[in-house]
Structures are given as structure tokens and as C-alpha cells.
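Results of the structural survey
So you can see what is in the structure, the chains are spelled out below.
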Amino acid sequence: MKALVYVAPNKLEYRDEPDPVPEAGEVLVRVKASGICGSDMHAYFGHDERRPAPLILGHEVSGEVVSGERQGQRVVVNPLVTCGYCDDCLSGRSNLCRQRQIISMEPRQGAFSELLRMPECNLIDIPDEMSYLHAALTEPVSTGMHAVLEAARASRRPLAESRVLVLGGGAIGIAVALILNSHGCRNIRLGETNGLRRKTVQAAQVCDVYDPINDPAPEADSWDIVIDAVGGAVTRDAASHAVKPGGAIVHIGLMDNSGGLDVRKLTLQEVAFIGCYTYTMVDVRATVKALHSGALGPLDWVEQRSLSEGASAFVDLANGDTPAAKIVLTPDY
Ligand SMILES: [Zn+2]
Ligand SMILES: [Zn+2]
């Protein structure tokens, strides 16, 4: 099969690789669309020691089953492979499974390729009319879905009555804004430093967009929920200032590990701080429905490129040279 292989920091090679061989309980999926994630960029820069070269990256996948009983079915992939029988898996929190693996990290190759082996229970059927391109948005949007549901639980106020600040306007930030809007939330502000991306978010018409570098900071102590889709010391500092007493900060980004959080304010004002990692199968299924129903709008913030030209997409993303909140690669069949 053809694959786009990460061979060294800042270097990808489009080349032939051996076809994957499915193990017990697994099937082969012919990849139709595979999105580039921030974590793929992180690995590409050589910053992720869990993803050493050579490796096939990519975990936001839709495709067609080409082996086993479900052969011919159009599916979206839940890339998080979990054991299914530990306490966490059985209590509906499979994202915390101690044995979890994610594709694009040893021992599993990712999906910037033509074929992928996957446990059958990680495949969700998609409707015939749903495009593979939109289906490939399921993974990042599921992350946003999980974050919004956690935020609603912690803030003890209906989303429709909440003021929400979103930090970061990449795929997860924009997904969070769209999901909040679909829950009736009309008071959303989103901060994004890249001007091209700000235009893309603005075009979705579900939130007020600002530039965190040049515009005034959002009002202090006045946001019921702050969703940090960047996860750096700078954004944690902004979140600490903005959140209102009794409010909630939901932290999804993984930019750096410490600094920025005002723990004294969190304590004195009973602010909830919630770490949020990926999604469960329930979130993934809800996301497929939401994407397909049109509740999240026309999804025109995604750009399609061919897998063979994938290396240039990484360069454009590294330079901030694209307005797309998400670039999805499609193999050249
Ligand atoms: Zn991702
Ligand atoms: Zn488990």
C-alpha cells in the first residue's frame, strides 16, 4: 500500500509500505479520508517522544471495511483502542482505560495510508449520504462533544443560559462553538491568534471572535464556562481571569504542562477545573449523528487534499498558511 510516512523531524515521505495484517477481532479498512490533527503536527516537529520516526501518523479516519463480515460497509473509526473489561471501560469511561492505545502510536500505525487494521468494535457505520470527508471530522468533533458535556455537568447551569469563552479556533475550538450553538447557547466568545483562522470561525456565525494579542481581554470574573482548547500557560492564565465564581474551566489542549493557573482563585471562588481527554464511544456516536443531521452547520471549514501531496499540507499548517480549521487527506485511488 501507499503511505505518507514520518521519517524524521519535519520530513514526510510518500512511499510503499507493507499492507497491515489484521489480528484476532480486527478487520482491514480501506482509508477514504484522514484528517491532520494538532498532535500529528507535534509529532512531525519531533516533539512527541511517544511517536518516534519512522511512523505512519493520522487518527481521524473514515473508510470502507474490506475484510470480515462487515465487508463493504462505510464506517468511521474510533481510534482509541481499549480493553473493554477493566473498571474504567465497564463504567463508561473507556477513555481512561490503562491499556488504551491510539492508532499512530506504537504498536499501532496511523491512517495516512491506504489500509488500516482496526478492532471491529471500533468501527461505527455511517449513513450512505454522509461524505467520507465529513465523517473524518468525527474524531476532533467528538473531543469537543465530550468537553461540552463535561462543562455542562460541572457548571450546574443550562448551556442555553451560559456565557461561554472558548480559547483556540482550530478544529476543536470551532467544533465546541458549533456544539454549544446546537444546544441553544447564544453567548459564545472565541479567541484565536491566527487571522486566517479567525475569518473561518467568523464565517460559521455562531460566536463572537476576537484576537487575544491585539483586542482587549474578555471581561474578568464573568464567564460561566471557559473551554481551553490550547492548553498553554498563557491560555490557562486567561481562563483563570475570565471564569466567574462557581464557574468551570475545561482544559482540552496539551500545549505545555504547567503554569498559568490561579489556584488561589479556583479555591476561594469554587471554580471547577476539569481535565478532558478524548471521548467515549457514546460521544463518538452522538457526534456522527450531530454531523449528519446538519445541527453543526455546513462543515465548510474543512479542506480536502490528496495523500500523495500530504507533505505540503504539513508545511502549510506549520507556517499558519491555511484558513482551514482542518485539512483532510484522501488517498489517490
Ligand atoms: Zn485528533
Ligand atoms: Zn479498559
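Residues numbered from 1 in each chain as written. Chains lettered and ligands numbered in written order. Predicted model: local features only at pLDDT ≥ 70, side-chain atom pairs only at ≥ 80, totals over all residues. Heavy atoms only, no water.

1. Things to note about the environment of Ala-248
Within the secondary structure, Ala-248 is located in strand β15 (residues 243-251). For the pair formed by Ala-248 and Ala-272, sequence separation is 24 residues and the distance between their alpha carbons is 4.5 Å. Beyond its immediate stretch of four places on either side in the chain, Ala-248 contacts Ala-154, Asp-224, Ile-225, Val-226, Val-243 and Ala-272. (Helix = DSSP H or I, 4+ residues; strand = E, 2+ residues; numbered from the N terminus. Contact = heavy atoms within 4.5 Å.)

2. Some words on the pairing of strand β3 (residues 26-35)
A large share of β3 lies buried, amounting to eight of its 10 residues. Note: β3 against strand β9 (residues 115-119), five bridges, orientation antiparallel. Considered in β9, the bridge of Val-27 is made with Met-118. Where β3 meets strand β18 (residues 326-330), two bridges bridge the pair, whose relative direction is antiparallel. Within β18, the residue paired with Gly-35 across the bridge is Val-328. (Buried < 20%, exposed > 50% of the residue type's maximum accessible area, 1.4 Å probe, protein only. Pairing = 2+ DSSP bridges.)

3. Some thoughts on the coordination of the zinc ion (ligand 2)
Taken together, Cys-83 (SG), Cys-86 (SG), Cys-89 (SG) and Cys-97 (SG) make up the full set of protein donors to the zinc ion (ligand 2), lying 2.3 to 2.4 Å away. Each of the four donor atoms bound to the zinc ion (ligand 2) contributes to angles spanning 106 to 116°, and the resulting shape is tetrahedral. The sequence pattern formed by the donor residues of the zinc ion (ligand 2) is C-x2-C-x2-C-x7-C. Placement of Cys-86 in the loop between β7 (80-81) and α2 (87-90) and of Cys-97 in the loop between α2 and β8 (101-102) is noted, with a sequence separation of 11 residues between them. (Donors = N, O, S within 2.8 Å, 3.2 Å for Na, K, Ca; no water. Tetrahedral: all angles 85-135°; square planar, octahedral: opposite > 155°, others 65-115°.)

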